[in-house]
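Residue-level structural notes
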Amino acid sequence: MPPPPAHYNVYREQLASLYHGCALWEPDPANIYDCVQVGDVGYLSEGYFFRMFNVLLPADDPSNQTLGNPSYEPLNLGPFANIRESRLSQGDYYSRNVSTREHNIGAQAQVPGAPAGGGASVAYRCRRKLGASLKLPFEARRADAIRTKAFEDYTRDNCDNWLAFAQRNRLGVERMEDIILVSGCTVASAWAATAFVNEDMDAEITLSFQAFGAAGANFGWHVGQESVQSVAYHNSRELVRARRRLLRPRACSGGRGKPDPPQNQCVFIRGFRAKRILGFFTRARAAAEPLPDDPDNEPETGPAVSVSRIPDVPAWRDPLVGVLDYIAEKCPDQQIAIAHDDDLQLIEEVETLTADAVENFLRQNEIGVLVENGAAILVADEENEVPEDTKAIFYARAETEGELLPLVVHPVLLKYLLKLDPATQPPEHDFDLPPKKPPRPRCTRPCPHCTSRATKATRQRSTCARRPARRPRRA
């Protein structure tokens, strides 16, 4: 019987269906770097994002010298704006197998483990399935790159160097698809995460929290004895106390007079990943190297060595790796497969976005793959609908150059462009503009208090700056 998956992998897999990106079980930067930013290149390990360097900064920047001495050409985006910021509302974010129940806590009626002084409480319950939940007491800040095509091309040209950097510095990265170029992130100041890891029994946990200041919160947990082995949980306040080496109980009493924590806890991360297609390198290596059965390739001396392979335990795969494997299967003659976390938005009618479920859905629906400059990416076909509340990038064929050019589509024109002929260009407007109001008739009589001409309505309102104010009438 295979061992159960790790709690940070369950958390990451279950919250993928929310389409906010890859969920980090450890959002705190832990004093290794300041905060996750757009342009960071790093990898995930046990739910934590290890930042290697930022390609938007020079290679010799002090913040890029944490895990090694990188050497690269920075990604130049010009003097234009490239970061789009938005907000992620506060509340509960949980997978489909989790149900919630909220209630307020008074100062007299306390839940075990709840912060003193009242607050709110929410109970999470999962019935014999895997699940995860995230609590955000305050709004979180989202930052996403606008020119995602530039990030995609930069990933194609530099992914080999990133893997070589990680292996040269012995960071434990073995596969190229484990490295991420961050194109978007969601950071918060306070959070509470839960992962249900046992599929054989029901589990329930109660989270109590009390907000203080503008961005701080105290948390308390209550878990029944029957659910202790089935649920993993932690929160941001516990990490802050551990970093300050303050020995306090789990339920902190009060928060008055405490400074607000910084908004540097990355709860979701979005970015590009690449994978070398093995079919391309296998054929290239077979043409260059001698055959294994060639007698001239046998060693001169020494006994023959027989190697017996031990069957491996099935390793956990990220849901986005399923997209990369599908692209590699569809385009075995290409060199690199590139995928983004937004590609998972094409997956529909799947209960849990596991790597196998994602790959099977893409294979059954025959989602299209676009090949461009030796790299293969996933694209939406005309028969597949894309959610209207998300930003999508499609490709239209230019009549002049005859090449595939990126076209950023507004959600209002999304359905129309899905049916658009690639050989034509979209119209300037897909809707009727409101008619312009006719201008006001101007008075030919000049204003006696200035040289400009004023309308009749302007003179009646006495809005001329040079006209003296009228004296109030006597009662």
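What comes next concerns the included structure. Remember, it's a predicted structure, so these values are computed and weren't measured experimentally.

What follows covers the overall build of the protein. Helix and strand counts for the protein stand at eight helices and 20 strands. Sorting the 475 residues of the protein into buried and exposed places 45% on the buried side. Once local pairs closer than 6 in sequence are excluded, the contacts in the protein between residues at least 24 apart make up 69%. For the protein, the computed accessible surface area is about 27,600 Å², with 50% contributed by carbon and sulfur atoms.

This next bit is on the packing of aromatic side chains. Ring pairs (aromatic) are described by centroid distance and by the angle formed between their planes. In total, this model carries eight aromatic pairs according to the counting rule given. Ring centres of tyrosine 33 and tyrosine 48 lie 6.3 Å apart, and the angle between their planes is 50°; this geometry places the pair in the tilted category. With a gap of 15 residues between them, tyrosine 33 in the loop between strand 1 (22–23) and strand 2 (40–45) and tyrosine 48 in strand 3 (residues 48–54) connect regions that are remote in the sequence. Look at tyrosine 33 and you get buried, because its relative accessible area is 10%. Looking at tyrosine 48, the relative accessible area reads 9%, which means it is buried. A centroid spacing of 6.0 Å and a plane angle of 40° characterise the contact between tyrosine 154 and tryptophan 162, whose relative ring orientation is tilted. Each member of the pair, tyrosine 154 together with tryptophan 162, is buried.

Inspection of the secondary structure assignment puts serine 95 in the loop between strand 5 (91–94) and strand 6 (98–105). The class of serine 95 is buried, set by a relative accessible area of 3%. With sequence-adjacent residues up to four places away left out, serine 95 is seen in contact with Gln14, Leu15, Gly131 and Ala132.

Residues Leu370 and Glu372 of strand 17 (residues 369–372) are buried on one face, while the alternating residues Val369 and Val371, pointing to the opposite face, are not. In sequence, strand 17 turns back onto strand 18 (residues 375–378) through a hairpin of two residues, with asparagine 373 there showing a positive phi of about 55°.

What follows covers the packing of helix 5 (residues 319–330) against helix 6 (residues 355–365). Closest axis-to-axis distance for the helix 5/helix 6 pair is 7 Å, and the angle between their directions is 35°. Seen along the crossing, helix 5 lies across helix 6 with a hand that is right-handed. For the pair formed by helix 5 and helix 6, the contact residues are Pro319, Gly322, Val323, Asp325, Tyr326 and Glu329 on the first element and Ala355, Val358, Glu359, Leu362 and Arg363 on the second.

Analysis parameters
Residues numbered from 1 in each chain as written. Predicted model: local features only at pLDDT ≥ 70, side-chain atom pairs only at ≥ 80, totals over all residues. Heavy atoms only, no water. Helix = DSSP H or I, 4+ residues; strand = E, 2+ residues; numbered from the N terminus. Buried < 20%, exposed > 50% of the residue type's maximum accessible area, 1.4 Å probe, protein only. Contact = heavy atoms within 4.5 Å. Areas by Shrake-Rupley, 256 points an atom, 1.4 Å probe, with all protein chains shown as cover. Phe/Tyr/Trp six-rings, centres within 6.5 Å; stacked < 30°, edge-to-face > 60°. Pairing = 2+ DSSP bridges. Axes fitted to C-alpha atoms, helices over the stretch in contact; angles between N-to-C directions. Left-handed = near helix turned anticlockwise from the far one by under 90°.

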